[in-house]
Amino acid sequence: VVKAQVHAGGRGKAGGVKLASSTDEAERVARAILGMDIKGMTVRKVLVAAAADIVKEFYLSAVLDRAERRILLMGSAEGGVEIETVAADNPGAIIRRHADANLGLLDFQARDLAFAMGLGAHLKDAVRIAKGLVTTMKAYDADLVEINPLAIVRERGADGSPMERLVCLDAKITLDD
C-alpha cells in the first residue's frame, strides 16, 4: 500500500492511499500520488508498507476530556472512516470510557471497552493497545492518540495455518504545544 504523507484526514477518499501488487506498480502509484493536492496540501512524501488482509476495522482513541479532567477513550466498531461522520450519523456506535489521569486505564476498564467494541476474541491485544494509548498520551503530554483503523487482519502462522491478529494500521498523535 502506498500512502500520501500529509497532515490531513481522509487521504484515502482523496486518492492518496493506493494498493499496488508489484514494486513496479508501487513506483507508478507513488509517482501519481506525489505532487497531489490533498485538502490544500501538496504531497511530498509517501509511505510504502505491506498491505493487510483486513477482516474488520475499528476506531480507538484517547483524548483529553477537559470538562471531566480525565482521559476519555473512544472506540467504535466502525473504523476506517472519519469518526466525525460516525458521531454525526450514528452516535450510539461510539463507546466512551474515562481513564484516571493518575492511575491510567485500569485492566477492568480496558476489558470493558474491548468487549463493548466486539473485540472479545482479541481481548489480550485490545487491552494492551488501549492501555498503551493512555500511557503514550501521558508520557508525551498529548491531546489525542488515535488509531484508525485498528483492524483484525488475516495472516499465516509460522506453520502456514491461517490466523487472525489485532493490529494498528494507521495512527495519529496530537501533542500539546
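Our structure is the block above this text.
What this report covers is the structure whose coordinates are included nearby. (Residues numbered from 1 in each chain as written. Predicted model: local features only at pLDDT ≥ 70, side-chain atom pairs only at ≥ 80, totals over all residues. Heavy atoms only, no water.)

1. Remarks on helix α1 (residues 23–33)
Line of reasoning, step 1. If you check which residues of α1 are buried, you get Ala26, Val29, Ala30 and Ile33. Summarising the axial view, the buried residues of α1 lie within an arc of 100°, below the 170-degree limit, and thus occupy one face. Exposed and oriented more than 90 degrees from the buried face of α1 are Asp24, Arg28, Arg31 and Ala32.
Line of reasoning, step 2. Summarising the contacts, the buried residues of α1 are in contact with β1 (2–4), β2 (17–18) and β5 (46–48).
Line of reasoning, step 3. Note on α1: the residue one or two positions beyond its end, Gly35, has a positive phi of about 95°. (Buried < 20%, exposed > 50% of the residue type's maximum accessible area, 1.4 Å probe, protein only. Helix = DSSP H or I, 4+ residues; strand = E, 2+ residues; numbered from the N terminus. Arc of directions from axis to C-beta. Contact = heavy atoms within 4.5 Å.)

2. Examining the environment of Val46
Line of reasoning, step 1. Along the chain, Val46 turns up in strand β5.
Line of reasoning, step 2. Overall, Val46 belongs to the partly exposed group, its relative accessible area being 26%.
Line of reasoning, step 3. In the structure, Val46 is positioned 13 residues away from Ile33 in sequence and 7.7 Å away in space, judged by C-alpha atoms.
Line of reasoning, step 4. The contacts of Val46, once residues within four sequence positions are left out, are Val2, Lys3, Ala4, Gln5, Ala30, Ile33 and Leu34.

3. Some details on helix α4 (residues 123–139)
Line of reasoning, step 1. Between its first and last C-alpha atoms α4 spans 24 Å; for 17 residues at 1.5 Å apiece the expected length is 24 Å, and the two agree.
Line of reasoning, step 2. What α4 keeps buried is the set Ala126, Val127, Ile129, Ala130, Leu133, Val134 and Met137.
Line of reasoning, step 3. Of the residues flanking the end of α4, it is Asp141, one or two places downstream, whose phi is positive at about 55°. (Expected span 1.5 Å × (residues − 1).)

4. Some words on the environment of Lys18
Line of reasoning, step 1. Here Lys18 shows up in strand β2.
Line of reasoning, step 2. By relative accessible area, Lys18 is classed as partly exposed at 38%.
Line of reasoning, step 3. Apart from the residues within four sequence positions on either side, Lys18 is in contact with Val1, Val2, Val29 and Ile33.

5. Looking at empty space enclosed by the protein
Line of reasoning, step 1. For the coordinates displayed, the defined rule picks out 1 cavity of 30 Å³ or more.
Line of reasoning, step 2. Taken together, Leu60, Ala110, Leu113, Ala114, Met117, Leu119, Ala126, Ala130 and Leu150 make up the lining of the largest cavity.
Line of reasoning, step 3. Of all the secondary-structure elements, those providing two or more residues to the lining of the largest cavity are α3 (107–117) and α4.
Line of reasoning, step 4. No other element matches the 4 residues that α3 contributes to the lining of the largest cavity.
Line of reasoning, step 5. Of the residues assigned to the lining of the largest cavity, the class counts are 9 nonpolar, no polar and no charged. (1 Å grid on protein atoms, 1.4 Å probe; cavity = no way out; pocket = protein on both sides within 12 Å on 5 of 7 lines; lining within 4 Å. Points joined across faces, edges and corners; volume = space filled by probe spheres on them. Nonpolar A, V, L, I, M, F, W, Y, C, P; charged D, E, K, R; others polar.)

6. Examining the pattern of salt bridges
Line of reasoning, step 1. Scanning all chains against the criterion turns up 9 salt bridges.
Line of reasoning, step 2. Of the charged contacts, one joins Asp53 and Arg154 as a salt bridge, the two residues approaching to 3.4 Å between their closest N and O atoms. On the criterion of sequence distance, the pair formed by Asp53 in strand β6 (residues 53–65) and Arg154 in strand β9 (residues 142–156) is long-range, its members being 101 residues apart.
Line of reasoning, step 3. Asp143 is paired through a salt bridge with Arg66; the nearest N and O atoms lie 3.4 Å apart. One end of the pair, Asp143, is in strand β9; the other, Arg66, is in the loop between β6 and β7 (70–76), and 77 residues separate them in sequence.
Line of reasoning, step 4. The exposed category is assigned to Arg66, whose relative accessible area is 57%. (Salt bridge = Lys/Arg side-chain N within 4 Å of Asp/Glu carboxyl O.)

7. Considering a nonpolar patch on the surface
Line of reasoning, step 1. Among the surface-exposed residues, Leu103, Leu106 and Phe108 lie close enough to one another that they form a single nonpolar patch of about 310 Å² accessible area.
Line of reasoning, step 2. For Leu106, the location among the structural elements is in the loop between β8 (94–99) and α3.
Line of reasoning, step 3. Relative accessible area serves as the criterion here: at 34%, Leu106 is assigned to the partly exposed category. (Patch = residues over 30% accessible without salt bridge, like charges linked within 9 Å, V, L, I, M, F, W, Y side chains within 5 Å. Areas by Shrake-Rupley, 256 points an atom, 1.4 Å probe, with all protein chains shown as cover.)

8. Some thoughts on the sheet that holds β5
Line of reasoning, step 1. Here we have 3 strands laid out as an open sheet, ordered β2-β1-β5, and antiparallel in their pairing. Bordering the open sheet on either side are β2 and β5, each of which pairs with just one other strand. (Pairing = 2+ DSSP bridges.)

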